[in-house]
Amino acid sequence: DQQVKQNSPSLSVQEGRISILNCDYTNSMFDYFLWYKKYPAEGPTFLISISSIKDKNEDGRFTVFLNKSAKHLSLHIVPSQPGDSAVYFCAAIRDDKIIFGKGTRLHILP
Amino acid sequence: KAGVTQTPRYLIKTRGQQVTLSCSPISGHRSVSWYQQTPGQGLQFLFEYFSETQRNKGNFPGRFSGRQFSNSRSEMNVSTLELGDSALYLCASSSKIRSGQYPNTEAFFGQGTRLTVV
């Protein structure tokens, strides 16, 4: 049973436009959410996080939105840059356990 | 500050063998977690060690085990390897504090060990 779902395996976005990566979760007890970015042959790197008591967190070009009623999380990247091409993992934490989604591969097109 | 170091980077083993992977966390970090990444299942949590004690465990069979040493370095062992164990094994360290407090939940990952079972 997948508790954290990233339903789009891949996404292509024009450079300069907005990239929106989505994540759905099933467990309303998750209290913290994170996004990680992964380049090939490297480990994931932390991008941005949000506590369940908030609905938005912004850090530069990256904004994470949390809709608790819909159990939905999204990562917005504006404007998208070539270096943003990577796999993005959504993760949720509950009781010290972290559960990752399967990832979405983002392609930024020139 | 040196990052998380995993050794070896690449490994090829045959079915039935066992393997030990090593992870050196960032200096000062006491929490080390292990993950398995495969194309079909994505990133899956294996287990977490904090101060030499296993604190959390994912849904993997008993063939997967680990330990942490007093210097926070961790090893992961997989016995009786199966073809399906071929994956990228990632280690992450953090200065995580106990349940209920998340000031440092962001974990820093190593580059991983690519294990191929043939």
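As shown above, the structure is provided for reference.
Residues numbered from 1 in each chain as written. Chains lettered and ligands numbered in written order. Predicted model: local features only at pLDDT ≥ 70, side-chain atom pairs only at ≥ 80, totals over all residues. Heavy atoms only, no water.

### Quick notes on the overall build of chain B
Right, on to step 1. Along chain B, the regular secondary structure elements total zero helices and 11 strands.
Right, on to step 2. Here chain B, with 118 residues, has 50% of them falling under the buried criterion.
Right, on to step 3. A separation of at least 24 residues holds for 56% of the contacts in chain B among residues at least 6 apart in sequence.
Right, on to step 4. With an accessible surface of roughly 5,600 Å², chain B has 47% of that area assigned to carbon and sulfur atoms. (Helix = DSSP H or I, 4+ residues; strand = E, 2+ residues; numbered from the N terminus. Buried < 20%, exposed > 50% of the residue type's maximum accessible area, 1.4 Å probe, protein only. Contact = heavy atoms within 4.5 Å. Areas by Shrake-Rupley, 256 points an atom, 1.4 Å probe, with all protein chains shown as cover.)

### Comments concerning the pattern of salt bridges
Right, on to step 1. Considering all chains together, one arrives at eight salt bridges over all chains under this definition.
Right, on to step 2. The network of salt bridges with shared partners includes K37, R61 and D84 of chain A. (Salt bridge = Lys/Arg side-chain N within 4 Å of Asp/Glu carboxyl O.)

### Considering the interface of chain B and chain A
Right, on to step 1. Across the boundary between the two partners, chain B contributes 24 residues, which contact 20 residues of chain A.
Right, on to step 2. In total, chain B and chain A occlude about 1,800 Å² of area from one another, counting both sides; carbon and sulfur atoms represent 55% of this.
Right, on to step 3. Linking chain B with chain A are zero salt bridges.
Right, on to step 4. For the side of chain B that touches chain A, the elements supplying multiple residues, two or more each, are β4 (31-38), β5 (42-50), β6 (53-57) and β9 (87-94) of chain B.
Right, on to step 5. It is β5 of chain B that contributes the most residues to the side of chain B that touches chain A, four residues altogether. (Buried area = accessible area lost by both parts, 1.4 Å probe.)

### Digging into the nonpolar core
Right, on to step 1. In this structure, F33, W35, L73, L75 and Y88 of chain A are the most contacted members of the largest nonpolar core, which totals 23 residues.
Right, on to step 2. Among the elements of the structure, β3 (19-25), β4 (32-38), β5 (45-51), β7 (62-67), β8 (72-77), β9 (86-94) and β11 (104-109) of chain A are those that each provide at least two residues to this core.
Right, on to step 3. Broken down by element, this core gets its largest block of residues, four residues, from β9 of chain A.
Right, on to step 4. With sequence-adjacent residues up to four places away left out, F33 of chain A is seen in contact with Y25, I48, S49, I50, S52, L66, L73, A91 and A92 of chain A.
Right, on to step 5. Grouped together as the second largest cluster of nonpolar side chains are 21 residues, L21, I26, V32 and Y49 of chain B included. (Core = buried A, V, L, I, M, F, W, Y, C linked by side-chain atoms within 4.5 Å.)

### Some details on the packing of aromatic side chains
Right, on to step 1. Applying the stated criterion to the full structure yields 13 aromatic pairs over all chains.
Right, on to step 2. Residues F89 of chain A and F100 of chain A carry aromatic rings whose centres are separated by 6.4 Å and whose planes lie at 90° to one another, so their mutual orientation is edge-to-face. Separated by 11 residues along the polypeptide, F89 of chain A in strand β9 and F100 of chain A in strand β10 (residues 97-100) bring together distant segments of the chain. Of the two residues examined, F89 of chain A and F100 of chain A, each falls in the buried class.
Right, on to step 3. With a centroid separation of 5.2 Å and an interplanar angle of 90°, the aromatic rings of F100 of chain A and Y35 of chain B are classed as edge-to-face. Placement of the pair is F100 of chain A in strand β10 and Y35 of chain B in strand β4, with the two residues belonging to separate chains.
Right, on to step 4. Lying over the aromatic face of F50 of chain B, R55 of chain B brings its terminal NZ or CZ to 5.2 Å of the ring centre. (Phe/Tyr/Trp six-rings, centres within 6.5 Å; stacked < 30°, edge-to-face > 60°. Lys NZ or Arg CZ within 6 Å of the ring centre and 35° of its normal.)

### Considerations on the sheet that holds strand β1 (residues 4-5) of chain A
Residues and elements named next belong to chain A.
Right, on to step 1. Spatially, β1-β3-β8-β7-β6 is the arrangement adopted by the five strands of the open sheet, whose pairing is antiparallel. Bordering the open sheet on either side are β1 and β6 (56-59), each of which pairs with just one other strand.
Right, on to step 2. Summarising the sheet, β6 and β7 pair through four bridges and their orientation is antiparallel. What sits directly across from N57, in β7, is V64. (Pairing = 2+ DSSP bridges.)

### Focus on the side chain of S19 of chain A
All names here are of chain A.
Right, on to step 1. Tracing the chain through its elements places S19 in strand β3.
Right, on to step 2. For S19, a relative accessible area of 0% gives the class buried.
Right, on to step 3. When sequence neighbours within four positions are dropped, the list of residues in contact with S19 reads V13, L75, H76, I77, S80, L106 and I108.

### Quick look at the sheet that holds strand β7 (residues 64-68) of chain B
Residue and element names in this part refer to chain B.
Right, on to step 1. The strand order across the open sheet formed by four strands is β1-β3-β8-β7, and the pairing between neighbours is antiparallel. Whereas interior strands pair on both sides, the edge strands pair on one side only; in this sheet they are β1 (5-7) and β7. Across this sheet, the average inter-strand angle for adjacent strands is 20°, counted without regard to direction.
Right, on to step 2. Sheet topology places β1 next to strand β3 (residues 19-24); three bridges connect them, and they run antiparallel. Bridging across to β3, Q6 finds its partner in C23. (Axes fitted to C-alpha atoms, helices over the stretch in contact; angles between N-to-C directions.)

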